[in-house]
Structures are given as structure tokens and as C-alpha cells.
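One letter stands for each residue in the lines below.
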Protein chains: 12
Amino acid sequence: MSNHVYKQIELTGSSPTSIDDAIRNAVKKAAKTLHNLQWFQVVEVRGYIKDGDVAHFQVTLKIGFTLDD
Amino acid sequence: MSNHVYKQIELTGSSPTSIDDAIRNAVKKAAKTLHNLQWFQVVEVRGYIKDGDVAHFQVTLKIGFTLDD
Amino acid sequence: MSNHVYKQIELTGSSPTSIDDAIRNAVKKAAKTLHNLQWFQVVEVRGYIKDGDVAHFQVTLKIGFTLDD
Amino acid sequence: MSNHVYKQIELTGSSPTSIDDAIRNAVKKAAKTLHNLQWFQVVEVRGYIKDGDVAHFQVTLKIGFTLDD
Amino acid sequence: MSNHVYKQIELTGSSPTSIDDAIRNAVKKAAKTLHNLQWFQVVEVRGYIKDGDVAHFQVTLKIGFTLDD
Amino acid sequence: MSNHVYKQIELTGSSPTSIDDAIRNAVKKAAKTLHNLQWFQVVEVRGYIKDGDVAHFQVTLKIGFTLDD
Amino acid sequence: MSNHVYKQIELTGSSPTSIDDAIRNAVKKAAKTLHNLQWFQVVEVRGYIKDGDVAHFQVTLKIGFTLDD
Amino acid sequence: MSNHVYKQIELTGSSPTSIDDAIRNAVKKAAKTLHNLQWFQVVEVRGYIKDGDVAHFQVTLKIGFTLDD
Amino acid sequence: MSNHVYKQIELTGSSPTSIDDAIRNAVKKAAKTLHNLQWFQVVEVRGYIKDGDVAHFQVTLKIGFTLDD
Amino acid sequence: MSNHVYKQIELTGSSPTSIDDAIRNAVKKAAKTLHNLQWFQVVEVRGYIKDGDVAHFQVTLKIGFTLDD
Amino acid sequence: MSNHVYKQIELTGSSPTSIDDAIRNAVKKAAKTLHNLQWFQVVEVRGYIKDGDVAHFQVTLKIGFTLDD
Amino acid sequence: MSNHVYKQIELTGSSPTSIDDAIRNAVKKAAKTLHNLQWFQVVEVRGYIKDGDVAHFQVTLKIGFTLDD
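Residues numbered from 1 in each chain as written. Chains lettered and ligands numbered in written order. Predicted model: local features only at pLDDT ≥ 70, side-chain atom pairs only at ≥ 80, totals over all residues. Heavy atoms only, no water.

Trainee: Can you explain the overall build of chain A? Please cite residues and give values.
Mentor: Helices and strands together make up the secondary structure of chain A, namely 1 helix and 3 strands. Its C-alpha atoms give chain A a radius of gyration of 14 Å, more than 25% over the compact-globule value 11 Å for 69 residues. With the C-alpha coordinates aligned to their principal axes, the bounding extent of chain A is approximately 50 × 20 × 15 Å. Relative to all contacts within chain A whose residues are 6 or more apart in sequence, the contacts with residues 24 or more apart total 62%. As displayed, chain A offers around 2900 Å² of accessible surface, 47% of which is attributable to carbon and sulfur atoms. (Helix = DSSP H or I, 4+ residues; strand = E, 2+ residues; numbered from the N terminus. Rg over C-alpha atoms; globule rule 2.2 N^0.38 Å. Contact = heavy atoms within 4.5 Å. Areas by Shrake-Rupley, 256 points an atom, 1.4 Å probe, with all protein chains shown as cover.)

Trainee: Can you explain the environment of Ile49 of chain F? Please cite residues and give values.
Mentor: Residue and element names in this part refer to chain F. By the secondary structure assignment, Ile49 is in strand β2 (residues 37–50). A relative accessible area of 7% means that Ile49 is categorised as buried. Separated by 42 residues in sequence, Ile49 and Lys7 have C-alpha atoms that sit 33 Å apart. (Buried < 20%, exposed > 50% of the residue type's maximum accessible area, 1.4 Å probe, protein only.)

Trainee: Requested: an account of the interface of chain A and chain B, with residues and values cited.
Mentor: With 14 residues of chain A at the contact, the number on the chain B side is 14 residues. Between Arg24 of chain B and Asp53 of chain A there is a salt bridge, and its shortest N-O distance comes to 3.3 Å. In this structure, the connection of chain A to chain B is made through 8 residue pairs in polar contact (both at pLDDT 80 or more). Among the secondary structure elements, those contributing two or more residues to the side of chain A that touches chain B are β2 (37–50) and β3 (53–66) of chain A. Here the side of chain A that touches chain B gets 6 residues from one element, more than from any other, and that element is β2 of chain A. Its residues assigned to classes, the side of chain A that touches chain B shows 7 nonpolar, 4 polar and 3 charged. Where β2 of chain A lies against strand β2 (residues 37–50) of chain B, 3 bridges are found, and the strand directions are antiparallel. (Salt bridge = Lys/Arg side-chain N within 4 Å of Asp/Glu carboxyl O. Polar contact = N/O pair within 3.5 Å; in protein donor to acceptor, adjacent residues only side chain to side chain. Nonpolar A, V, L, I, M, F, W, Y, C, P; charged D, E, K, R; others polar. Pairing = 2+ DSSP bridges.)

Trainee: Which residues make up the relation of the copies chain A and chain B, and what are the values?
Mentor: Mapping chain A onto chain B leaves a residual RMSD of 0.0 Å; the transformation is a rotation of 120° accompanied by 0.0 Å of translation along its axis. Each copy turns onto its partner about a three-fold axis. Considering only C-alpha atoms, the residue of chain A closest to the rotation axis is Ile19 of chain A, which sits at 4.9 Å. A share of only 7% of interface residues in chain A that are also interface residues in chain B marks the association as one of differing surfaces. (Least-squares fit on C-alpha atoms with pLDDT ≥ 70 in both.)

Trainee: How would you explain unusual backbone geometry if you had to name every residue and give the values?
Mentor: Unusually for a residue other than glycine, Asp51 of chain B sits at a positive phi of about 55°. Owing to a relative accessible area of 78%, Asp51 of chain B belongs among the exposed residues under this scheme.

Trainee: Describe the interface of chain B and chain F, listing the residues and the values that go with them.
Mentor: On the chain F side, the residues contacting the 14 residues of chain B number 12 residues. Summed over both sides, the interface between chain B and chain F buries roughly 1100 Å², with carbon and sulfur atoms accounting for 47% of that surface. Ranking the residues of chain B by area buried against chain F places Glu10, Thr12 and Lys29 of chain B at the top, with a combined share of 50%. The interface formed by chain B and chain F holds 1 salt bridge in total. Across the pair Glu10 of chain B and Lys62 of chain F runs a salt bridge whose closest N-O atoms are separated by 2.8 Å. In this assembly, chain B and chain F are joined by 5 residue pairs in polar contact (both at pLDDT 80 or more). Looking at the side of chain B that touches chain F, the elements with two or more residues in it are β1 (6–15), α1 (19–33) and β3 (53–66) of chain B. Ranked by residues supplied to the side of chain B that touches chain F, first place goes to β1 of chain B with 7 residues. By residue class, the composition of the side of chain B that touches chain F is 4 nonpolar, 8 polar and 2 charged. As defined by bridge partners, β1 of chain B adjoins strand β1 (residues 6–15) of chain F across 3 bridges and the pair is classed as antiparallel. (Buried area = accessible area lost by both parts, 1.4 Å probe.)

Trainee: Which residues make up the side chain of Gln58 of chain J, and what values go with them?
Mentor: Its location among the elements puts Gln58 of chain J in strand β3 (residues 53–66). Gln58 of chain J gets classed as buried once you look at its relative accessible area, which sits at 12%. In contact with Gln58 of chain J, other than residues within four places in its own chain, are Thr12, Gly13, Ser14, Glu44, Val45, Arg46, Gly47 and Tyr48 of chain J together with Tyr6 of chain K.

Trainee: Go over the packing of aromatic side chains, please, and point to the residues and values.
Mentor: Geometry of an aromatic ring pair is reported as the spacing of the ring centres plus the angle between the planes. The final tally for this structure, using the stated rule, is 24 aromatic pairs over all chains. For the pair Phe57 of chain D and Phe40 of chain E, a centre-to-centre distance of 6.1 Å together with 80° between the ring planes defines the contact as edge-to-face. One end of the pair, Phe57 of chain D, is in strand β3 (residues 53–66); the other, Phe40 of chain E, is in strand β2 (residues 37–50), on a second chain. Phe40 of chain E carries the same exposure label as Phe57 of chain D, and that label is buried. (Phe/Tyr/Trp six-rings, centres within 6.5 Å; stacked < 30°, edge-to-face > 60°.)

Trainee: So what's going on with the arrangement of the chains? Residues and values would help.
Mentor: The two units chain A and chain F are non-contacting; their minimal C-alpha-C-alpha distance is 15 Å. One finds no contact between chain A and chain K; the C-alpha atoms of the two approach each other to within 25 Å at their closest.

Trainee: Now, about the environment of Ala22 of chain B: what can you tell me, with residues and values included?
Mentor: Residue and element names in this part refer to chain B. Topologically, Ala22 is positioned in helix α1. On the basis of relative accessibility, which here comes to 0%, the residue Ala22 falls in the buried class. Separated by 34 residues in sequence, Ala22 and His56 place their C-alpha atoms 8.7 Å apart. Those residues in contact with Ala22 that sit more than four places away from it in its chain are Gly13, Ser14, Ser15, Phe57 and Val59.

Trainee: Let's hear about helix α1 (residues 19–33) of chain C: which residues, and what values?
Mentor: Inspection of α1 of chain C places Ile19, Asp20, Ala22, Ile23, Arg24, Asn25, Ala26, Val27, Lys29 and Ala30 of chain C among the buried residues, and these make up the whole buried set. Where α1 of chain C begins, one side-chain oxygen reaches toward the backbone nitrogen of Asp21 of chain C, 3.0 Å away; that side chain belongs to Ser18 of chain C.

Quick look at the structure:
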């Protein structure tokens, strides 16, 4: 296992509900085209405001996955 | 739209419940005196501890809004 | 109060449910062996992915407590 | 002069033309309501893209000014 | 709109003329193979020197675009 | 207390004497127009030099205060 | 040469032997599918521990390559 | 000497008087339970405000000491 | 496994030979008193110079381990 | 070429016209006393304000050059 | 004045007494060989510990000065 | 010893072999013209790629030395 090479991509997920949900949305989207997803790291949490409340959260993640041999 | 000027202020919201809630509290407070709020960015997440559990979350945000012409 | 000295330790809590929950798990664990816990600060939010969804969130905290005189 | 106190505010200027112009737009806007502006510092350069080209540059500045006695 | 997922890639554009031009070159290059480009953020500004003057500016950008559903 | 919202502003105090004094000058200036000041955080320490010695220290602070309900 | 556009990707190489070797493993892996690789920059050095010693080093790199015209 | 291993801990000292004094208070507190203290590094300078003046300075330090063989 | 809590400590290992060796020395020292060591992260690489060459490398690590239940 | 040693110095150029021009001014100044200049990296962009507009831009650069053998 | 070019050098001053004094020592030392010193910026504050107290403070500064025409 | 003033310069060493070797090359080069070299700190690790492998490592260091009295 110790010679594996991993690639990280950077995605931004959004959700009107919560930060946790925005993360899950980004991970699920990545899983549609990439397999071997291993981990994520939160890079930034932002959001848009409408009518004086949070309209949606935007969470930017690095997502790491194993490159196939 | 491309010549707009935006101002950012820095607020800290708190909540005994969740990070999401602390963010919403800060945004709602800002909306009481400022209109044209556009976005926020999380700067820091801290909190206070009491009786061995989280007493409340404190989330510091930059909040951006359009300056009126 | 102004001459107190505080110590900070760094813990990582995890939870399959939410970031808030991972923070509470780390704080509760610290409270089992340390008293006088005062505050925490989030250092990093990461997580592991399994079957195309978040398996668990991992939140690294600095936790501060008063050193006894 | 050595006992002056300065305040910094954070503004984001935009321009379809250039980074320099976005900075000037933010400074001119600040000058409409604040006097004694002294300096600025670039915090971030971003921009929006439309039809495969830069639509406008957005430059976030800290702008410092002397507080009146 | 609030459930969109965005991807960011990192490109470095160069230009013998100006920083603005180096940014536009990177954005136009990205637009040849990606649609739905939304925004960019400047990560680093460097350059090469020849004969005692700037030979070309090199600007590294994160460029964000919407992932198709 | 856990639902309070705080605002931070950024001031630069100066003093020919010491860093501590520059901090106190900024805090006292802020206290002239704002009540409910709670805490400060040092952002940057700079200074000007004249005749081969420090002419005055300049300390930039974030100062936090409770927003009234 | 001054109008070239470069792309950077982020890979993590690992090796039970050394940091240098983990870097070489990531570069060689990238070279299997990308040509025109130009440079790398170390982003992070981590590793896993087993039986009280380093089991393998993990080095995260940004790797830059020329985009074909 | 070149094979020594050092440990760093993070303490916050406070003082109503000065930053220097807050540092000395943290170092003296550490010296009560740890010997072989070697160096410190300032991580953060904060403070609390009361009645429009600095009530006390809070300085967070990393303190390094030699681990006994 | 997802509810584990980890603690990180910060150690500095040194070696006259190499960076890799300084890391291994710090990890081995930690393993003498702590079990369940899981990972490390390099925080800083420094060193001392003597007679115009590197006398020894000093590598500061965060080392993470599982807290026992 | 692979055994070359480079030195970096830090200069601040200024210009009433543009950021690009401030960079060129610093590079040209360096070229008067140093040969073998190779590259620059922008460290900070600041400026002074007069009469409600940018008086001049100030760009701080690291400039790298080959040390002669 | 707006076309001046400034150079920054990095010095570390030390003092057994105070941070302010360590800064003044570094500035005075620089003034022995350089004229036209303009400003300084604190980069890092460290220190050495002896007999359970601060032996001396070490403050690293960037010091800027005008390059002669 | 506590009143010494140190200067830091920034050099980049390179080596086709290893990171350790690139560091040693930079230190040895500095030692040719400067005496009283005391320590180094790694600022950045980069490298160039050729034929799908690392051509040479480039390590940027701050190197500190005592200024003579």
C-alpha cells in the first residue's frame, strides 16, 4: 500500500441546509465519475445571502483518490 | 454590475446548537441594519466549553454587501 | 484572573454524523481527564469517504484549559 | 504625528478593464464618504468569467485612514 | 441553483505585456476545452527577467466552473 | 449570553515609546466612540525609523465589541 | 515561449524509504499519462507510523505541465 | 547534541502590565513542572478590554524543551 | 472506528545525516512512551551550521495517536 | 545547471501609473547593480492615496539571480 | 517620490530586557552601515529560556530603506 | 551573547540527487563569502522535471549569521 499515488481535486459543493450537507453533495458528485475516493479536506466555507438570511452554504473541498495502477 | 463596490465587515455569531446556527445568527443581525447583503466567508470557528461539553459555538464571518450609489 | 496561565492541547474528534458532533466528541473526551476546560478553536476539518459518501468527519481542535495554581 | 490612530476598512472594487482600474474604483468610492485616506493594501484578486473571457476583475483592498481627533 | 457543484483547476498564464493580459490568456485557454467557466482567483504572480527587464509575467489562477448534471 | 453577536474593527495605534503603549492608544481611541469593547488581537507590528532609531511603533489590532440588541 | 499556459495538478506520492523517493514516485506516475511535465512544488510532507517507526512517507506535490496548443 | 529530541507545548500567559510580562509568566509557570526548557516562540498576542483600556494582555507561546534520555 | 479521538503532540527530531533520519529519530523517541502512534506531519525544517556545512537537521513534526477508551 | 545556487533579494518598486510599471521599475533598478537576474515573485501590493485617488502603487518583489561561481 | 525603489533586509535583534529593546537593537545595528532606513515590520518573536525565566528575547524584523539613485 | 544581531539571507540550492544535498550546496556556497553562519530554515522545496523524472531538486533556505561588532 505504501507505494500508492493519490490525486487531489478541488470541488465546491453547496446546500441551502447546512455545511455538512454541502460537503456530502460535493462528495456524491465526485463519486459519480471517480471511484477509489479516499478522503476530503475543507479548504473554505462561504455562502450567499438572500432576504437577510443564508441562501446557501458553499464549501470548497480537496478530495483525494487512489490512481489506478 | 461590473463597476459595483462592495464593503466587507467582520462579525462573530454564536449559538449553543450548531456552527450553521451561529452563522445564521450573525447574518440575521447584520441584516437588521444593512441591506444588500451578498455573501459571507467563514474566518474562524471557536467556542466555549462548560461542564465538559460545548457551551456555544462562535463563528467569525466576513460579510459583504453592495455600497449604494 | 489576569495572571492565569492556560495550556492548549490539540485533539481530533470524529463522527459519522456531523462536524458539530465531531467537535463535541473531542471536547467530551478531553473532559474525562482534564478539568477547567475553557475554549476550543477549529484547526482543520477533514473526513474519510466510503461507498461514495462521507464515512466520518474529522475535526482537529485546539482545546484550552486553566493550569491549576 | 506618532500618536495618530488609523482605521482600516475592507472594500472590493471591480472593473471590466484592469486590476489597476478596479483598485482606483474602490479608492474613489471610499473617498466619497471618508477623508484622510492614507494607503491601501491588496488582499485578494478575483474575477468573473463570461463567454470565455474575463468579464470583470474584482480586487479586495484594506484602505487605511486617519481617525480625526 | 443552490445545489450546484463547481470544480476548480489551477492554470498559469503568461504574457510579455501585463498581469491583466496573462490572466486573460489563461482564461481563454481554459475556455477552449471547458464551458461554464464562472470565476477565477489569483494564486500567485511571478515572472521571468531578461536583459534587465521583465521578459514575461506569469500569473497562476484557480478557475472555477459548474459541473454538468 | 451565547446568542450575542460581536463586531470586529481594525485599528492601528502608534507610540514613540513601546508596542504596549501603541496598543493602549488604539484601544483608548476606540473607546471614545464605541462601548462594550471586549477584546483585541494583534494583527501586525510595524514602525517608522528616523535618525537610525525607532521613531514610533505601529500596531494593527482587531478590536471586538458586542452589538447592542 | 512567453504565451504558454501551464496546468498544475496535485498528487501525493508515497515511499517506505525517503521523502525524495516519494516525490520521484509521484512524478513518475504523472509521467505515465501526461507529457510536457515541467516542475513540481512540495505542498505537504506527512507519513504513517507502524510499530514505532515510519511506515511510509507521503509527499503532496503540485506538478506543472505545458498545455498543448 | 545533534540527536536530541525536543517537545513543544503551547501555553498562554497573561499580565495586566505588558506583553513581555505575559511571556515571562507563561515561561515561569512551565518551569514549575518541566526542566530543560530551551526556547519559546510567540504564536498570538490578544487581550481583554475593560473600562475602555487594556485589562490584560494574553500571549500564546510554543515552549520547547529537551526530552530526557 | 469513526468515533475515535486522536491527540497530536509536537516534537523536533534532529540528525547530522538527513531530514528523513531526523523524522525517524523523533518518531522513535515518541514510541518509547506512547503507543498507538498513527501518523506525522512535517511542520518545519531547520538546521544548524558549523564550519561551513550542515551540522544537523532539525525537523519539527506533529505526531498523532489514538487516545485509549 | 542543476548545481547552481541562487540568491533572492526583496525590493519594493513604485509607480503612479500601474502595478506592472512598479514591478518593471524595481527590476530595472536591481539590474543596475546585479547581473544574472532570473525571476521575480510578487510578495505584496500596496499603495498611497492622495486627493481621493491612488497616488502611487507599491509592489514588493522577491528577485532571484544566479550567484557567480 | 513615487518612483523610489526600496530594499528590505531581514535582521534579528536580541535583548535580555524586552521585545521593544530587541527591535531597537536591530535597527541601531542596521543604521551603522545603511542610511535612509525608513520602516520595519516584525516577522517573528522568539526567545531563549535559562533557569526557568526568559534569558533574552529575539525579534526578527524586515527593515526597509531607500536605494540611492 | 544576548545582544547579538543576526542577518538572514535567502538562497536556493539545487541538486540532482536529493533535498538534503540541495540544502548542503546552498550552505556551502554561502560559506564561501560569509563567516559566522549559524542556522538555516527551509522556505520552499521545488524541482524541475525532465524525461518523466526529477531532474533536480531546488530548496530555498533562509540562512542566518552573526553580524560582526
